[in-house]
Each structure stands twice: as structure tokens, then as C-alpha cells.
Amino acid sequence: MDPTPTPTRPPARTRIAPSPTGDPHVGTAYQSLFSYALAHQTGGRFLLRLEDTDQVRFDANSERRIFAALAWVHLLPDEGPEQGGPYAPYRQSERLPIYQAHAEQLIAAGHAYYCFCTPERLAAMRKEQEARKQPPRYDRHCLTLPPTEVQARLTAGERRVVRMLMPDEGVTSFHDVVRGEISFENRLLDDQVLMKSDGFPTYHLAVVVDDHLMGVTDVIRGEEWISSTPKHVLLYRYFGWELPTYAHTPLLLNDDRSKISKRKSPDKTRLEGFRERGFLPEALLNFLALLGWSHPDGQELFSLDEFIRVFSPARLLKAGSVFDMNKLIWMNGQYIRLLTVDELAMRLIPYTTHTAEEVRRVLPVLHDRLRLLSEFDDLAVIFFTEPVYDSALFSSKQFDAPALADHLAAARAWHADQPWPWEKEAWEAGIRQLAEERGFKKAGDLFMLLRVAVTGRKESPPLHDTMLLLGREATLARMDAALGVLRGA
Ligand code: GLU
């Protein structure tokens, strides 16, 4: 893609930093979209960093699945564990000495300290705080240990973590592109663990060190990280580094306005699920873009290229957005309509049991009705399999089964008399006239009788198109089969 740098700002380096902990999350595509757009719009780079510092939740397959899911939505990073790049490695588990060195730097400067407290002591402390209705915070027991004792315990290889020393007073503020100035009172900040006892950094240390070392200029991430940001801002200050620009995107919500989650709403969170159900990646991206941002011209449908052109972090929304599945399905249908029959046939191959040739043959009739690629076989079945009639579908308020059979027989005879191919307007006029002659109160009821006879269903693509595609003989044969059922009923 040809990036068009905006003259107003230097190239952006942006990143997506997923944790490989199971099913790739829709949030990864949602956040990537904005970061990708900003980087590409400014002639910058979009990078993927794997935040695999949680040994407990680590899932070895997750990394590959994240890459595949990002490739599916066309949001491949310019730098990352697969691509490489000037700031490799891009997996945090391969950068442990870097975090260790930075933690030691903070300790030397008096901004962090070793803590040897056992899990049991911390649990007892927390219990006591709870009983006294105090917020859970580390009581700084280890901050005051004499340096000689600290040294001795380190030498003895005792289990320890590194904690960040938070300021006791004042406020920490930062500017968020979407929300403006955000401030937190320092006295409410806990002395955050930076290095865990397993030698891995926590998210807070790793994200700051890596965003800085990897030259990230713009951090676009979910609103749920706002409360972590003051810790990050303090770390930047302790290291003497320049802050990136922060933009926090709105949460994605269920209909009841709770946050979407893997547990509660797997249909909305599992990125691979969208592919399995036959969403087009371009439709999903368009939908996700509108959950977090509004188009300056109020446009609803736009391509990724168009989005890259017009995206601006300043237009990100503030309030959480309800993930409206019906709107996404509607949008998917719109995108399906934009494809040519050949393109759509190609896209359908993984979703259908039919050959590309068969798909192309029936698509002209189904194109306008398809909303999800996975619906194709169900919609197409009427063209490939003889209907199995459910006699209940023939029921009519006006006529009993023998009368309906007579009407159908008359309609069959009428069709057999018409020159093939049945011409649309003459066909419709003919059926209406027949309905009138045979005393139908509503012509629609005769059309419905024919629809059920020809497709076995009350819903189908336009009936005339369906008949033409089936052909004269097959259509008449189905009417005969339906007559058999009606007469037997
Ligand atoms: N590893 C964090 C996540 O899983 C990254 C958050 C961030 O973008 O700073 O979302």
C-alpha cells in the first residue's frame, strides 16, 4: 500500500501487544486497526510485540493463531516476531535481561526496591487491610530493610520481587488524545511489582521499557488500561524518557452494556469465530472501525484504504460501544453484494460442499440474499436436492388440501403451456390472473403455494428466478411431487 504521509506530523510507530493466552481476541483486531491506520497514514511502521510474560496463562499455539487472525483481517505488522525488524526480539520472553537491567537501574536510582515478603505475609496483610476497610496496598515492609540485609538475602538467593516506589503525594497526569487531561492521586497508587520472583517482568515494566526502546510514538489501546497509565507515566519519568502519545479506545459492550468477554460473549470476542461463521474480514474491519471512531462525513461503508486515509485518533469515541451483531451481519451482506460472482465464488470455497462451478451457477440468484458465507449451502440446497415436503407448509386459511391440489394442478398445467423461458412479467401476470380465476382472496397465497411446491420452503430466493435456474423440467417435476404429497395428505 502506498502510504501518504500527512505533512503535519512525523511518521508514527505504533504497536499491538497481545498476550498469547488462548483464543485470539477481537480486541486485537480492533486495536490493530487504529494503530495500523495511523502508522500507514504517516509513512510509519506498525509493530507486533508478543507480551508473553505470564508463564501461567501462556499458550504455545496462541502466537501462531494471532498471526493467522491478523493476516486474515489484512492487518499484518511491519515488524514483529515473524517479520523481524530493527528492534528484535519482539517476544518479551526473549528480552528478560533487558528488563532485569532496567529494574536494577531503577533500584540504583531509588525508584524501586527489592521485596522479600512471602505470599503468606502478603495474604495476611491484605486480610488485615480488608478488616480495617483499607484499600489493599503493599505496606512497604521491605522498603526499610538495611542495605546489608538486602544484600545478604540476595546473595542467599532468597525469593524476591522488585517493587516500584510510588510518590506519596501529588498527582500524576497525562494527556489522552480522546479524553484530554487525566489525573490520578499518587497516594492511591500501590507499590507495583515490576519484576516477579520467576525473573519475568510484569506488564507495567515491560510495556514501558519496550515501547520506549522500540521507538513507539503512539500508544493506542483499550480504555481498560487507563488506570495503569499513571504507573507507566511515572516509569517514563523515573527513566527520564519522553512519553508516547496516548489514545484509549472505547470499550466494546454487550447489549446490556457489560464489557464483552471470552466467558460471557464468545460469539463477539473469538476472532477466529468470525471467520468460521463466514464474515468477510473487510466487513468486520469496517464494523470495528465504527465501534471506536466516527467517519468525518458520517459514511457507514468504507474500505481499509479509505479508513487509512481519513482516520484520525482525535475522532476516536469516548463512550463504550455496543457490539451490535445484527448490524455486523447486515454490513457483511452489504460487502457480499459488492463482490462479483467470481470473487464471491472464490470466497465461498472454504464454506461449501459444492464445486466452484456449481456455486457460480446458483450465485446470481443467491447473491442478494446471502449475509454470511456459511449460509450458502443452506440457501443453495433447494437447487441441489429435491425438496422433502412438510405437508404443514401447504396449510391455507382459505382452502383444504384437495382444493389446494386442484389449484396446484391448474398452475402446473398453465406453466407447462407457457413458452420457455418463462418471461418475468408475463409469468407474474399469468399467476395473478389464475389466482383470480380460481377464487384466491390473495394472489400471494397462490405464489406461496407455488413457492412451497418448487422449493419445499416458505422462504426462498425470488420464485421466478428460482424456477428459471432450476429449468422447466425440474420445476414441473417438483410441482408433480408436491401434488403427490397434497393428494396423499
Ligand atoms: N499485553 C496487553 C494486552 O494484552 C497490552 C496492553 C497495551 O496495549 O499496553 O492487551
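Quick look at the structure, then. Remember, it's a predicted structure, so these values are computed and weren't measured experimentally.

Procedures and definitions
Residues numbered from 1 in each chain as written. Predicted model: local features only at pLDDT ≥ 70, side-chain atom pairs only at ≥ 80, totals over all residues. Heavy atoms only, no water. 1 Å grid on protein atoms, 1.4 Å probe; cavity = no way out; pocket = protein on both sides within 12 Å on 5 of 7 lines; lining within 4 Å. Points joined across faces, edges and corners; volume = space filled by probe spheres on them. Nonpolar A, V, L, I, M, F, W, Y, C, P; charged D, E, K, R; others polar. Helix = DSSP H or I, 4+ residues; strand = E, 2+ residues; numbered from the N terminus. Core = buried A, V, L, I, M, F, W, Y, C linked by side-chain atoms within 4.5 Å. Buried < 20%, exposed > 50% of the residue type's maximum accessible area, 1.4 Å probe, protein only. Contact = heavy atoms within 4.5 Å. Near = heavy atom within 4 Å. Polar contact = N/O pair within 3.5 Å; in protein donor to acceptor, adjacent residues only side chain to side chain. Areas by Shrake-Rupley, 256 points an atom, 1.4 Å probe, with all protein chains shown as cover. Sits in = over half its atoms within 2 Å of the grid points. Salt bridge = Lys/Arg side-chain N within 4 Å of Asp/Glu carboxyl O. Pairing = 2+ DSSP bridges. Axes fitted to C-alpha atoms, helices over the stretch in contact; angles between N-to-C directions. Parallel < 35°, antiparallel > 145°, perpendicular 65-115°, else oblique. Left-handed = near helix turned anticlockwise from the far one by under 90°. Phe/Tyr/Trp six-rings, centres within 6.5 Å; stacked < 30°, edge-to-face > 60°. Expected span 1.5 Å × (residues − 1). Right-handed = clockwise from strand over helix to strand, strands pointing away.

1. Quick notes on the layout of surface pockets
Step number 1: A volume near 990 Å³ is recorded for the largest pocket.
Step number 2: Of the residues that constitute the lining of the largest pocket, the class distribution is 15 nonpolar, 13 polar and eleven charged.
Step number 3: By volume, the second largest pocket is sized at about 310 Å³.
Step number 4: Lining the second largest pocket are 15 residues, with Ser395, Ser396, Lys397, Gln398 and Asp445 sitting closest to its centre.
Step number 5: Broken down by element, the residue count for the lining of the second largest pocket peaks at four residues, all from helix H18 (residues 443-455).
Step number 6: Classifying every residue of the lining of the second largest pocket by side-chain character gives seven nonpolar, three polar and five charged.

2. Some details on the nonpolar core
Step number 1: Ranked by size, the top nonpolar core spans 101 residues in total, and within it Phe274, Leu288, Phe307, Phe323 and Phe376 carry the most contacts.
Step number 2: Beyond its immediate chain neighbours, meaning those up to four positions away, Phe307 contacts Leu33, Phe34, Ala37, Ala289, Trp293 and Phe302.
Step number 3: Core analysis: the second largest hydrophobic core is formed by 46 residues, Leu47, Tyr114, Leu122 and Met166 among them.

3. Regarding the site of the ligand
Step number 1: Neighbouring residues of the ligand: Arg15, Ala17, Ser19, Glu51, Tyr203, Val207, Arg221 and Trp225.
Step number 2: Between Ser19 and the ligand, the recorded distance is 3.3 Å, taken from a side-chain N or O atom to an oxygen atom.
Step number 3: Contact with the protein chains covers 82% of the free accessible surface of the ligand, which is 300 Å².
Step number 4: A molecule is said to occupy a pocket when more than half its atoms come within 2 Å of that pocket's grid points, and by this definition the ligand occupies the largest pocket.
Step number 5: Grouping the constituent residues of the shell around the ligand by class yields four nonpolar, one polar and three charged.

4. Examining the pattern of salt bridges
Pairs can form between side chains of opposite charge once their charged atoms are near each other.
Step number 1: The full count for this structure, using the stated rule, is 38 salt bridges.
Step number 2: For the salt bridge of Arg49 with Asp211, the shortest nitrogen-to-oxygen distance reads 2.9 Å. With Arg49 in the loop between strand S2 (45-48) and helix H2 (62-72) and Asp211 in helix H6 (residues 203-213), this pair connects stretches of sequence that are 162 residues apart.
Step number 3: Owing to a relative accessible area of 3%, Asp211 belongs among the buried residues under this scheme.
Step number 4: A single salt-bridge network, built from bridges that share partners, covers Arg15, Arg49, Glu51, Arg95, Asp210 and Asp211.

5. Let's talk about the sheet that holds strand S3 (residues 112-115)
Step number 1: If you trace the three strands from one edge of the open sheet to the other, you get S3-S4-S7, paired in antiparallel fashion. Taken across any chain shown, the strands that pair with only one partner, and hence form the sheet edges, are S3 and strand S7 (193-195). Across the sheet, the mean angle from the axis of one strand to that of its neighbour is 40 degrees, orientation sign disregarded.
Step number 2: Of the pairings in the sheet, the one linking S3 to strand S4 (residues 161-164) comprises four bridges and is antiparallel in character. Opposite Cys115, over in S4, you have Val161 as the bridge partner.

6. Some remarks on the packing of helix H14 (residues 356-366) against helix H19 (residues 463-470)
Step number 1: Between H14 and H19, the least distance of the axes is 9 Å, while the angle of their chain directions is 165 degrees. The pairing of H14 with H19 is recorded here as roughly antiparallel in orientation. Considering only the axes of H14 and H19, their crossing is right-handed. Each of Arg361, Val362 and Val365 in H14 lies in contact with H19, whose residues at this interface are Asp465, Thr466 and Leu469.
Step number 2: Of the residues that constitute the contact of H14 with H19, the class distribution is three nonpolar, one polar and two charged.

7. A few points about the packing of aromatic side chains
Step number 1: The tally for this structure, following the rule as stated, stands at 21 aromatic pairs.
Step number 2: Seen from their ring centres, Tyr113 and Tyr138 are 6.4 Å apart, and the 25 degrees between their planes marks the pair as stacked. Of the two residues, Tyr113 is situated in strand S3 and Tyr138 in the loop between helix H4 (119-131) and helix H5 (147-155); the sequence distance between them amounts to 25 residues.
Step number 3: Owing to a relative accessible area of 6%, Tyr113 belongs among the buried residues under this scheme.
Step number 4: Here Trp427 and Phe447 contribute two aromatic rings whose centre-to-centre distance is 5.6 Å and whose plane-to-plane angle is 65 degrees, an arrangement assigned as edge-to-face. Taken together, the residues span a long stretch of sequence, with Trp427 in helix H17 (residues 424-437) and Phe447 in helix H18 at a distance of 20 residues.
Step number 5: By relative accessible area, Trp427 is classed as buried at 4%.

8. Section: helix H1 (residues 26-41)
Step number 1: With 16 residues, H1 should cover 22 Å at 1.5 Å per step; its first-to-last C-alpha distance of 23 Å lies within 8% of that length.
Step number 2: Remark: Gly43 follows H1 within two positions and exhibits a positive phi of approximately 75 degrees.

9. Digging into the environment of Leu252
Step number 1: Of note, Leu252 is situated in strand S10 (residues 252-253).
Step number 2: When the C-alpha atoms of Leu252 and Phe200 are compared, they prove to be 30 Å apart, with 52 residues separating the residues in sequence.
Step number 3: Once you skip the residues sitting within four places of it in the chain, Leu252 turns out to touch Val26, Tyr30, Ser258, Lys259, Ile260, Leu291, Ser321 and Phe323.

10. Observations concerning the pairing of strand S1 (residues 13-16)
Step number 1: Neither face of S1 is open: one carries Arg13 and Arg15, the other Thr14 and Ile16, and all of them are buried.
Step number 2: The sheet contact formed by S1 and S2 spans four bridges and is parallel. Paired with Arg13 across the strands is Arg45, a residue of S2.
Step number 3: Where the polypeptide runs from S1 across H1 and back to S2, its parallel neighbour, the crossover connection is right-handed.

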